[in-house]
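An overview of the molecular structure
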Amino acid sequence: MKKYGILAALVMSFALTGCGGEQQAEVPAQEAMADTMINSGSAGGSSGFSETYELDNTNGEALHFYVRNTRPESDVYTELKVSILCDEEEVAQEVLLPGESTVLTEMLTEKEKEYTCKAVAGKNGGDMFMDFAIVQGKAETEDAAAFLDEMVGEPE
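Heads up: these notes are all about the structure in this document. Just so you know, these numbers come straight off a predicted model, no measurement behind them.

Details of the overall build of the chain
Counting its secondary structure elements, the chain contains three helices and eight strands. Mapped in sequence order, the helices and strands of the chain form the string α-α-β-β-β-β-β-β-β-β-α. Out of the 156 residues in the chain, the part that is buried amounts to 33%. For the chain, the proportion of contacts with a sequence separation of at least 24, taken over those separated by at least 6, is 74%. Here the chain displays about 9,500 Å² of accessible surface, and carbon together with sulfur accounts for 51% of that area.

Considerations on the sheet that holds strand 6 (residues 101–107)
The four strands are arranged 1-8-3-6 in an open sheet whose pairing can be described as antiparallel. Edge positions in the open sheet fall to strand 1 (36–45) and strand 6, since each of these has one partner strand only. Within the sheet, the average angular offset between the axes of one strand and its neighbour, ignoring direction, is 15°. Across eight bridges, the pairing between strand 3 (residues 62–69) and strand 8 (residues 128–137) is antiparallel. Its bridge partner lying in strand 8, L63 is registered against Q136.

Reading the values: rules and limits
- Residues numbered from 1 in each chain as written.
- Predicted model: local features only at pLDDT ≥ 70, side-chain atom pairs only at ≥ 80, totals over all residues.
- Heavy atoms only, no water.
- Helix = DSSP H or I, 4+ residues; strand = E, 2+ residues; numbered from the N terminus.
- Buried < 20%, exposed > 50% of the residue type's maximum accessible area, 1.4 Å probe, protein only.
- Contact = heavy atoms within 4.5 Å.
- Areas by Shrake-Rupley, 256 points an atom, 1.4 Å probe, with all protein chains shown as cover.
- Pairing = 2+ DSSP bridges.
- Axes fitted to C-alpha atoms, helices over the stretch in contact; angles between N-to-C directions.

Purely geometric stuff here, so don't read any function into it on its own.
What follows is the structure, given as structure tokens:
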């Protein structure tokens, strides 16, 4: 364990001073930081999906809610309403037909706020089924379907 600490210290000293000993330009934390996976998986049932997190922009400037409606495309009346709420106010929403994917994004602030990623069956009710990934990171997003295929797996 001790040798990993020494190795980390050596790597940090090279990163801070560079190979020639000169001071390197400091990279802002937002640029150096990779996206953080908060949660991912599949969900379903009649009660819907809702997860709430206390977030600020310390670990990334945006919250991304990737969603795929995994109902068979033959279930044309089973839509899925997905949304992001900030302090209980809806700030982003979209309705997905079976087989469709999307990513909702909300920019985070310096002040910590309560963000809820939510999905419910659409106007016709019934059970909902979805794949999802909740990510905090850069403002740019990935293609929703490709990202969910990689993170959760392809729909069956």
